[in-house]
Amino acid sequence: MAVSKKPTPEALERPPETRIFKVEDLLFEVRQGRVRIPPFQRALRWKPADALQLIDSLYRSYPIGTLLFWEAEAEPGEEQLGTLRIQAGGRPDALWVVDGQQRIVALSRVLLSALPENDQFSLYFDLDNEKFSPPPNPAGRKRDPARWIPMTEVLDAERLMHWLLDHSASDQRTRLERAIQLGRRIREFEIPACLIRTRNEQVLREVFERINFSGKRLEASEIFDALHGSRGAHWPTTIAEIANDLEALHFGHIEESVLYQLLLALQGIDAAKGSSNTPPRLSGEIAASAYRETARAAADAIHFIKDAGIPRYELLPYKRPLVILGKFFHYHPTPNPRSRQLLVRWLWRGALSGAHRGYTAAARVTHGRIDPLNEERSVQCLLESLNHQIPAPPDVTLEFNIRWANSKLQALALLALAPRDLKNGKPLSPNTLTILRPSSNNLQVPRILPSEEGSPLFFCAANRIIHPALRRLREQLIAVTDPAIFRSHGITKEAVSSLRAGDTLGFLRQRAEHLAAHFEKFFAERARWEESDRPSLASLIVDEEG
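What you see is a predicted model, and the numbers here were worked out from it, not measured in a lab. (Residues numbered from 1 in each chain as written. Predicted model: local features only at pLDDT ≥ 70, side-chain atom pairs only at ≥ 80, totals over all residues. Heavy atoms only, no water.)

## Side note on the overall build of the protein chain
Now for step 1: Secondary structure assignment for the protein chain yields 22 helices and 12 strands.
Now for step 2: When each of the 546 residues of the protein chain is scored for burial, the buried share is 51%.
Now for step 3: A sequence separation of at least 24 residues applies to 72% of the contacts in the protein chain between residues at least 6 apart.
Now for step 4: For the protein chain, the accessible surface area stands at approximately 26,500 Å², while carbon and sulfur atoms represent 49% of it. (Helix = DSSP H or I, 4+ residues; strand = E, 2+ residues; numbered from the N terminus. Buried < 20%, exposed > 50% of the residue type's maximum accessible area, 1.4 Å probe, protein only. Contact = heavy atoms within 4.5 Å. Areas by Shrake-Rupley, 256 points an atom, 1.4 Å probe, with all protein chains shown as cover.)

Listed below in structure tokens is the structure:
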């Protein structure tokens, strides 16, 4: 394993230079493309409320901390800050942000945004109440257009005056004075900054690490990127880029923490320790290779998981198998058909038994026993790590929650019925059934009947259907005439009759009974509990001449 000990840090060649930037001067440098956000910086964590508080601090002359820049050469490139896109030319004196990204991005989005109405950080200033707020109601702005001034108008004094004239605010003395004061306070607010000039990028990373460990702590994957990410020498350059690239596989967004665990596993590092302690120090060449290997291994694991019958990441009952499979495919990218067959069993058995849950001592031992030189021995080790007691299939009568592992398993069984659209009978794909939101990817599994009717059956899978949400779903279901559509949702003729007769409990009991039989068969076919797990015949042949 090529992990080096942390070397004794070097001193800076010369002390940092202290500068004072007025906000208007700082954002001029942003627009000119001189201020750059390095790929190894943290992802944007600030929310619109944080940006509002920052602007309010400027207005009230509160200190907002010191910025830290690294002055170094930069190649041409595009900077994107919210809705603001900047085509930056190459230059020898770029200011790479070491500390202050969140503040600089927030200022840029609030004061420079090209499409303020489309930017979540858009702010207005209420000239009557002297308060900042998100875009006010359009009707209110229309009634009194001179009351709320967009913050994108205040950075340039001439532009601000034109806005005041166009909106008749110059006729109201109090508003005029407050607007002029607002512009002056924002433009002339002074932010202290330190400029580091060094040819040794490792010294810069040391400074970055110390700053971020002494303040709001980063995720381990972000610290790793900070230490090892590149400004364009290879691709991918960060774990975040790996996650974004993998979305092209239509499997969903994989958390960076999971990909970081895979990266550690491929480097032979205990993920439990590596995720909580200071990230390992790797040489530049090894770090670049680690990113590439992680991207390839994750892609191979995703293809396998999809082939095994789990089409979306949000339906993977537990995340640990992606790390273990990624490590397996890293060493054995083209396993034989028997190994693939047995890996499918391992995937489903561990999900059904809960063996894939968390990072137990047994799981850590198994993780370490993947043999880089012996594919079939690795598969046997994975199978042997499981509890061989056959669990009962997920209980269809228990409460359904798509965030829970058992409910994800039930959703996978429902998907295996190839659900069809209630209106047109067309097959529904997992991708069309997924609600994509910034915070989560959720399969659409709406209730058929209102859940306020008392019986626990109203809260279980028998009262769920995999289908885009529809109003009056019960009536939509009753209107279906094609038996094939009912079958695709696990609804029998008897259950349909009960639903049409108004016997809701009868419908749920009949569907629960039918789904229970389907679940048992579905999971048995995938886990193959009773079948032999012997390796391929070829591996059992002994060479008598050897």
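## So, the packing of helix α17 (residues 405-415) against helix α21 (residues 504-527)
Angle between the axes and distance between the axes: these two values describe a pair of packed helices.
Now for step 1: It is the contact of α17 with α21, at a shortest axis distance of 10 Å, that shows an interaxial angle of 90 degrees. Accordingly, the angle class assigned to the pair α17 and α21 is roughly perpendicular. When α17 is examined against α21, the residues L409, Q410, L412, A413 and L414 are found in contact with a partner set consisting of R511, L515, H518, F519, F522 and F523.
Now for step 2: Residue composition of the contact of α17 with α21, by class: eight nonpolar, two polar and one charged. (Axes fitted to C-alpha atoms, helices over the stretch in contact; angles between N-to-C directions. Parallel < 35°, antiparallel > 145°, perpendicular 65-115°, else oblique. Nonpolar A, V, L, I, M, F, W, Y, C, P; charged D, E, K, R; others polar.)

## Focus: the sheet that holds strand β10 (residues 190-196)
In a beta sheet, neighbouring strands are held together by backbone hydrogen bonds and run either parallel or antiparallel to one another.
Now for step 1: The strand order across the open sheet formed by five strands is β1-β10-β3-β6-β2, and the pairing between neighbours is mixed. Two strands close off the open sheet at either side, each with one partner strand: β1 (17-22) and β2 (35-36).
Now for step 2: One ladder, built from two bridges, connects β2 with strand β6 (residues 91-99); its direction is parallel. Across the sheet, R36 pairs through a bridge with W96, a residue of β6. (Pairing = 2+ DSSP bridges.)

## Thoughts on helix α20 (residues 493-500)
Now for step 1: Listed in full, the buried residues belonging to α20 are A495, V496, S498 and L499. One face of α20 carries all of its buried residues, which in axial projection span an arc of 160 degrees.
Now for step 2: Packed against the buried residues of α20 are α18 (473-478), α19 (483-487) and α21.
Now for step 3: Residue G502 follows α20 closely and has a positive phi angle near 85 degrees. (Arc of directions from axis to C-beta.)

## Some details on the nonpolar core
Now for step 1: Ranked by size, the top nonpolar core spans 89 residues in total, and within it I254, I305, L322, L325, L347, L477 and F507 carry the most contacts.
Now for step 2: In terms of residues, this core owes the most to one element, helix α12 (residues 284-307), which gives 10 residues.
Now for step 3: Ranked by size, the runner-up nonpolar core spans 47 residues in total, among them I37, A51, L155 and A193. (Core = buried A, V, L, I, M, F, W, Y, C linked by side-chain atoms within 4.5 Å.)

## Focus: the environment of G183
Now for step 1: Structurally, the position occupied by G183 is in helix α6 (residues 173-188).
Now for step 2: With near-sequence residues (within four places) excluded, G183 lies in contact with V154 and L160.

## Digging into the packing of aromatic side chains
Now for step 1: Within this structure, the stated rule accounts for 11 aromatic pairs.
Now for step 2: Measuring from centroid to centroid gives 5.7 Å for Y59 and F132, while their planes differ by 85 degrees, and the two rings are edge-to-face. With Y59 in helix α2 (residues 48-59) and F132 in strand β8 (residues 131-133), this residue pair connects regions lying 73 residues apart in the sequence.
Now for step 3: You can call F132 buried: its relative accessible area is 8%.
Now for step 4: Taken together, a centroid distance of 5.4 Å and an interplanar angle of 90 degrees make the contact between F328 and F329 edge-to-face.
Now for step 5: Here a set of aromatic residues connected by ring pairs shows up, and it is made of W348, F519, F522 and F523.
Now for step 6: Sitting above the plane of the F121 ring, R109 keeps its charged end 4.0 Å from the centroid. (Phe/Tyr/Trp six-rings, centres within 6.5 Å; stacked < 30°, edge-to-face > 60°. Lys NZ or Arg CZ within 6 Å of the ring centre and 35° of its normal.)

## Details of empty space enclosed by the protein
Now for step 1: A complete count under the given rule lists one cavity of 30 Å³ or more for this structure.
Now for step 2: In terms of lining, the largest cavity is formed by V30, G33, V35, I37, E79, L81, I86 and I104. (1 Å grid on protein atoms, 1.4 Å probe; cavity = no way out; pocket = protein on both sides within 12 Å on 5 of 7 lines; lining within 4 Å. Points joined across faces, edges and corners; volume = space filled by probe spheres on them.)

## Digging into helix α10 (residues 256-266)
Now for step 1: Within α10, nine of the 11 residues are buried, which leaves the element mostly enclosed by the surrounding structure.
Now for step 2: Among all positions in α10, only V258, L259, Y260, Q261, L262, L263, L264, A265 and L266 are buried.
Now for step 3: Directly after α10, the chain includes G268, whose backbone phi takes a positive value near 75 degrees.

## Brief notes about the confidence of the model for the protein chain
Now for step 1: Averaged over the protein chain, the pLDDT score is 84; the fraction of residues at 70 or greater is 83%.
Now for step 2: For residues 435-441, every residue scores under 50 in pLDDT, and the model assigns this stretch 12 contacts once sequence neighbours within four places are set aside. (pLDDT = per-residue confidence, 0-100.)

## Section: the side chain of S536
Now for step 1: Positionally, S536 belongs in the loop between α21 and α22 (537-540).
Now for step 2: For S536, a relative accessible area of 11% puts it in the buried group.
Now for step 3: At 2.5 Å, the side chain of S536 and the side chain of E376 are in polar contact. (Polar contact = N/O pair within 3.5 Å; in protein donor to acceptor, adjacent residues only side chain to side chain.)

## Topic: the sheet that holds strand β9 (residues 148-150)
Now for step 1: Pairing is antiparallel in the open sheet, where three strands are placed in the order β8-β7-β9. A strand with exactly one partner marks an edge of an open sheet, and here the two such strands are β8 and β9. Direction aside, the axes of adjacent strands within the sheet are offset by 30 degrees on average.
Now for step 2: Where strand β7 (residues 124-126) meets β9, three bridges bridge the pair, whose relative direction is antiparallel. Pairing of D126 across the sheet is with W148, part of β9.
Now for step 3: Each of β7 and β8 is contacted by α2, which is oriented at about 155 degrees to β8, the strand it contacts most.

## Observations regarding the packing of helix α14 (residues 337-353) against α21
Now for step 1: It is the contact of α14 with α21, at a shortest axis distance of 7 Å, that shows an interaxial angle of 135 degrees. When the axis of α14 is compared with that of α21, the two are oblique. Counted together, V344, R345, W348, R349 and L352 of α14 and F522, F523, R526 and A527 of α21 form the full contact between these two elements.
Now for step 2: Split by residue class, the contact of α14 with α21 holds six nonpolar, no polar and three charged.

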